[in-house]
Amino acid sequence: MFKTWKIAFSLKNTYRVNSILYALKQIPLLKRLLPEGLYRVRGFKILANILSGLWELVTVFLGKALYFLTLVCGIGILYEKVLPREAFLHIFLFLTLIGGYMKTGMFAPTRDKYYAMMLLGMDARLYTLSDYAYTLGKTVVGFLPFTVIFGLARQVPLWVCLVLPFCVAGVKLTVAAYTLRDYEKRGKAFNENKLEKHQWILTLVLLALAYGLPAVGIALPFWASVAVLGVFLPLGILGIQKVRSFDRYREVNQQLLFQMLHQMDEAKTAPQMVSRKAISADTSVTSQKKGMGYLNELFIKRHKKILWRASVKIAAVCALLSCGAVAALLLFPQLRGKVNALVLTFLPYFVFIMYALNRGTGFTQALFVNCDHSLLTYSFYKQPKFVLKLFRIRLWEIMKINALPAAVIGLGLCGVLWASGGTENPLDYGVLVVSILAMSLFFSIHYLTLYYLLQPYNAGTEVKSATYQIAMFATYLVCYSMMQVRLPILVFGLACIAFCLVYSLAACILVYRLAPKTFRIRP
């Protein structure tokens, strides 16, 4: 089995190394410096292998660290009505149950599995068992330091902290064994990348139990959480027997990998199909404008379903939530103090919320698939004056689309702040609204600027720009890190407004100077 794992790991590492080298070739600053025969240069291969190894370590530890910092402990510290160790184990238990079937480690179709079992003809049973054992080992090793560190900080006994990672593995083994038995009965393979409706409902129920009960002062007693988690140790051992004795792994993987290939084919055409369905076929749609203004207005009117309609729905939901929050604060005065303290210091948290709600990526994808994809083949469309003029028009449109939910959120926060007791500085209300609008402005400019400077799509509407993906990932990390910041409204709000203004000016200058050269279809 070790020999099989070694071959499989080498195959996966080779695929990853080639992906890293390809990504390096796509970065503009490095593209000119790197040799044409990059894949044949030993030094670069060594560098890529080092990066691949570092990424393997990141997958073992970084995800677990973020998991505890945010989902387990980050939210757990907000619950003051339950003991820290009970809140910790209560949340950990229900999230572990969710992870048991959402991330089994066995039933996720991947490219490396396809290459190994389908193309190279490796023994499916040996490959699956060795890969699954390695995945469970990474799970235990990755969880162990953080269950000890965060568990001890929440007054959880050391022996419990040491056992928790094995309980996580036990849950996964139990689910794997049950799923394999289910396959023997029904002949249908479980795909963890494509959950069914009842599984999503179960996930919502378990999330409600994980976070909803502690919010009202209810958590499983310490011994109950430990007992439930402990049950999965013997169940996991029994699960090992089923996992080892199962002899139809090739059938299971053939089903899963066929689904993966089908999904990959669908993914190539999905943007076109989705966009075509979203386009209005009403021939009466017209515009009184001329030139680029005419083109843009027709585009906006025919894409209301994925642009304005989505924005209106988001704004409506935000308005309902805001009204509900204000009503709850008026009906339950005991909540006002805690909520007021949150609103006064949690404004940085809304950077991530505005990042999640922003329509920038959907807007730029629709622009390319249903407009620029065709027009960029004409030389007149790439002339600097047309590129810059259309950029200004599109920027104004996406700013309006994103401003609607942003204004609702800003006003809603003002209402919540007022209902929870208000603030000593009335300027906070104005800064609150303007800063939320400034965040919306930032993301509108940010996504459109990245689109014009790094235009990531090729003729098949696939993302082929590594620099674009790095920029998107960096945006996510920065916004995610903002959830850990706690600053007064006035301080963070003014800083946010100033940053957005400076960034907007810099982005417009970059587009003015570079977009005529960079705005093109990728090969």
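Each value, and the rule that gives it
Residues numbered from 1 in each chain as written. Predicted model: local features only at pLDDT ≥ 70, side-chain atom pairs only at ≥ 80, totals over all residues. Heavy atoms only, no water. Helix = DSSP H or I, 4+ residues; strand = E, 2+ residues; numbered from the N terminus. Buried < 20%, exposed > 50% of the residue type's maximum accessible area, 1.4 Å probe, protein only. Contact = heavy atoms within 4.5 Å. Areas by Shrake-Rupley, 256 points an atom, 1.4 Å probe, with all protein chains shown as cover. Polar contact = N/O pair within 3.5 Å; in protein donor to acceptor, adjacent residues only side chain to side chain. Axes fitted to C-alpha atoms, helices over the stretch in contact; angles between N-to-C directions. Parallel < 35°, antiparallel > 145°, perpendicular 65-115°, else oblique. Left-handed = near helix turned anticlockwise from the far one by under 90°. Salt bridge = Lys/Arg side-chain N within 4 Å of Asp/Glu carboxyl O. Bend = angle between axes of the 7 residues up to and from the residue. pLDDT = per-residue confidence, 0-100. Core = buried A, V, L, I, M, F, W, Y, C linked by side-chain atoms within 4.5 Å.

A.B. asks: Go over the overall build of the chain with me, naming the residues and quoting the values.
C.D. replies: The helix and strand inventory of the chain stands at 19 helices and zero strands. When burial is assessed residue by residue, the chain has 46% of its 523 residues classed as buried. Once local pairs closer than 6 in sequence are excluded, the contacts in the chain between residues at least 24 apart make up 82%. A total accessible area of about 27000 Å² is found for the chain, and carbon and sulfur atoms account for 69% of it.

A.B. asks: Got a sec to walk through the side chain of N402? Specific residues and values, please.
C.D. replies: By secondary structure assignment, the location of N402 is in helix α16 (residues 384-419). One polar contact links N402 to N358, side chain to side chain, over a distance of 3.4 Å. A polar side-chain atom of N402 sits 2.8 Å from a polar atom in the side chain of S444. Residue contacts for N402: discarding those within four places in its chain leaves N358, R359, G360, S440 and S444.

A.B. asks: Now, about the packing of helix α14 (residues 349-357) against helix α17 (residues 427-454): what can you tell me, with residues and values included?
C.D. replies: Taken N-terminus to C-terminus, the directions of α14 and α17 make an angle of 45°; their axes are 10 Å apart at the nearest point. As judged from the angle between their axes, α14 and α17 are oblique. When the axes of α14 and α17 are compared, the crossing they make is right-handed. Along the contact surface, α14 presents F350, V351, M354 and Y355, while α17 presents I436, M439, S440, F443 and Y447.

A.B. asks: I'd like a rundown of the pattern of salt bridges, residues and numbers included.
C.D. replies: In this structure the tally under the stated criterion is six salt bridges. One salt bridge connects D182 with R186, and the closest N-O pair in it is separated by 3.0 Å. Residue D182 and its partner R186 are located together in helix α7 (residues 158-186), separated by four residues, close to a single helical turn. In this structure, K242 engages E184 in a salt bridge whose closest nitrogen and oxygen atoms are separated by 2.9 Å. Taken together, the positions of K242 in helix α9 (residues 222-245) and E184 in helix α7 put the pair 58 residues apart, joining distant regions of the chain. The exposure class assigned to K242 is buried, which follows from its relative accessible area of 13%.

A.B. asks: Explain helix α19 (residues 489-518) to me, and be specific about the residues and the numbers.
C.D. replies: Remark: the principal bend of α19, roughly 45°, maps to Y512, with a proline, P516, within the next four residues. Taken residue by residue, α19 has I489, F492, G493, C496, I497, C500, S504, A507, V511 and A515 as its buried positions.

A.B. asks: Got a sec to walk through the confidence of the model for the chain? Specific residues and values, please.
C.D. replies: For the chain, the average pLDDT comes to 82, and 85% of its residues sit at 70 or higher. Here residues 264-275 is a poorly scored stretch, pLDDT under 50, and it has twelve contacts once near neighbours within four places are set aside; other chains count.

A.B. asks: Outline the nonpolar core, supporting the account with residue identities and numerical values.
C.D. replies: Within the largest apolar cluster, 63 residues are counted, with the highest numbers of intra-cluster contacts made by I436, M439, F443, L448, Y451 and Y452. Looking at this core, the elements that each hand over two or more residues are α12 (308-331), α14, α15 (360-375), α16, α17, α18 (466-481) and α19. Ranked by the residues each element gives to this core, the list is headed by α17, at 16 residues. Those residues in contact with Y452, other than ones at most four positions away along the chain, are V387, L390, F391, R394, A515, T518 and F519. Counting residues in each nonpolar core, the second largest holds 35 residues, with A65, I98, C167 and A210 among its members.

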